[in-house]
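Structural overview for review
For reference, the chains in residue letters:
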Amino acid sequence: MTNIKSYSKKVLEHFRNPHNFGKIKNPSGVGEVGNIICGDVMFLYIKVLKNKKKEEIIKDIKFETYGCAAAIATSSAITDLVKGKPVQEALKINKEDILKTLRGLPPIKIHCSLLAVDALKEAIYDFFIKRRGKIPKNLISIHEKNKKERDIVEEKRKKWAKA
Amino acid sequence: MLTASSHKIYGPKGAGFLYLKSGILIVPLLHGGGHEHNLRSSTLNVPSIIGFAKAAKLTWQNSNSESKGLTKLRDKLIDGILKNIPKTKLNGDPKKGLPNIANITFSFIEGESLLLELNLAGIYASTGSACSSPSLSPSHVLMAIGKNAQDAHGSIRFSLGRWTSEEDINYVLKVLPVIVKRLRQVSPFKNKL
């Protein structure tokens, strides 16, 4: 097991008392990602509303995660980073931002922070699809990659089930 | 051939024995002074050997009563968990299993998170979760007895020992349902409850 001492205080705080978990009714977008390496699963729900300047703002965000302490902590951390931000800004959030708020992760758990970033991108992609707007090119390629990985996770699960 | 380790029966670490049927030839790993019939050269660790012998004697003398006591506590733990926490399953035979071990699946949550929470509550267990193994794949033993990957990830092994008391079991049974409930609230699979 990853030793409890290898997690920062911040990670343990988020793990033990996660922010913004649960579901959103009628979400604007949902992102579902699975982790190829360890089988973790994360769902991210966003509610997008326009402000007075007609900017699209992520008003609400919630997560549901099946995974280790690092997976739960990164999920919670990303909701804090995203809540209240314009969609365009949320798209810029990367794994370094998450690692920074969590004061780092043990090396073997770094992949968990990517899971949260990918889930957010997926949720925003889903939002773009639903409102029939233009989708940035790099977001499409990220979506393709995530989809491929989700299929691999599914395959892996089937293989594990047979083994 | 049969090998056994001293520390498994509360003897000192670093001693063990090998039972070898006559006629079986093995190649020594250590060469030199020709100790132990040329099978393991090196100065003998006498205090550990004496300690192992004493531990073996005590284990032999007490094995019946100890097994009975452990079985009672183990069954209390298993029954308490299965009754009070939904979607839990015992892995292994309820009667023929070892008296000191209970391996249980907690559906919809991942073993490492559960272990960490238990750890913070002063309870130390182990898991077949991928997140705790260097390979990050689920326990092959649990998979072999028909668990799916997710259930294998969510399985915890509780081990009891000579100094485990009924109070300890009561404490686990008090703390565990709260932890499982909390972690399930965060899980996307909880609606299958």
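Residues numbered from 1 in each chain as written. Chains lettered and ligands numbered in written order. Predicted model: local features only at pLDDT ≥ 70, side-chain atom pairs only at ≥ 80, totals over all residues.

**Structural notes on helix α1 (residues 46-84) of chain B**
Residue and element names in this part refer to chain B. The first and last C-alpha atoms of α1 sit only 49 Å apart over 39 residues, clearly below the 57 Å expected at 1.5 Å per residue. In the structure, α1 departs most strongly from a straight axis at serine 63, where the bend amounts to approximately 65 degrees. For α1, every residue scored as buried is listed here: Phe52, Leu73, Arg74, Leu77 and Ile81. Residues of α1 that are buried sit in contact with β3 (88-91), β4 (101-106), β6 (155-159) and α5 (166-186). (Helix = DSSP H or I, 4+ residues; strand = E, 2+ residues; numbered from the N terminus. Expected span 1.5 Å × (residues − 1). Bend = angle between axes of the 7 residues up to and from the residue. Buried ≥ 20, exposed ≤ 12 C-beta atoms within 10 Å, placed from the backbone. Contact = placed C-beta atoms within 7 Å.)

**Quick look at the sheet that holds β4(B)**
Residues and elements named next belong to chain B. Reading across from one edge, β3-β4-β6-β5 is the order of the 4 strands in this open sheet, with antiparallel pairing throughout. At either margin of the open sheet sits one strand with a lone partner, and together these are β3 and β5 (126-127). Of the pairings in the sheet, the one linking β3 to β4 comprises 4 bridges and is antiparallel in character. When the bridges of β4 are listed, threonine 88 appears paired with phenylalanine 106. Across the sheet, helix α2 (residues 111-120) is in contact with β4, β5 and β6; its angle to β6 comes to roughly 40 degrees. (Pairing = 2+ DSSP bridges. Axes fitted to C-alpha atoms, helices over the stretch in contact; angles between N-to-C directions.)

**Brief notes about the domain arrangement of chain B**
Where the parts come together, the accessible area they lose is often given as the size of the interface. Each assigned domain of chain B is listed with its residue range as follows: domain 1 (2-56) and domain 2 (68-192). The gap between the C-alpha centroids of domain 1 of chain B and domain 2 of chain B is 35 Å. (Domains from an automatic or database assignment.)

**Considerations on the sheet that holds strand β3 (residues 56-66) of chain A**
All names here are of chain A. With antiparallel pairing, the 3 strands of this open sheet are ordered in space as β1-β2-β3. Taken across any chain shown, the strands that pair with only one partner, and hence form the sheet edges, are β1 (29-34) and β3. Strand-to-strand, the axes of this sheet are offset by a mean angle of 15 degrees, without reference to chain direction. Summarising the sheet, β1 and strand β2 (residues 41-50) pair through 6 bridges and their orientation is antiparallel. Its bridge partner lying in β2, glycine 29 is registered against isoleucine 46.

**Comments concerning helix α2 (residues 69-82) of chain A**
All names here are of chain A. Helix length check: α2 (14 residues) gives 20 Å between terminal C-alpha atoms against 20 Å at 1.5 Å per residue, within 8%. The element α2 is largely enclosed, with a buried count of 12 among its 14 residues. Phi turns positive, to about 90 degrees, at glycine 84, one or two residues after α2.

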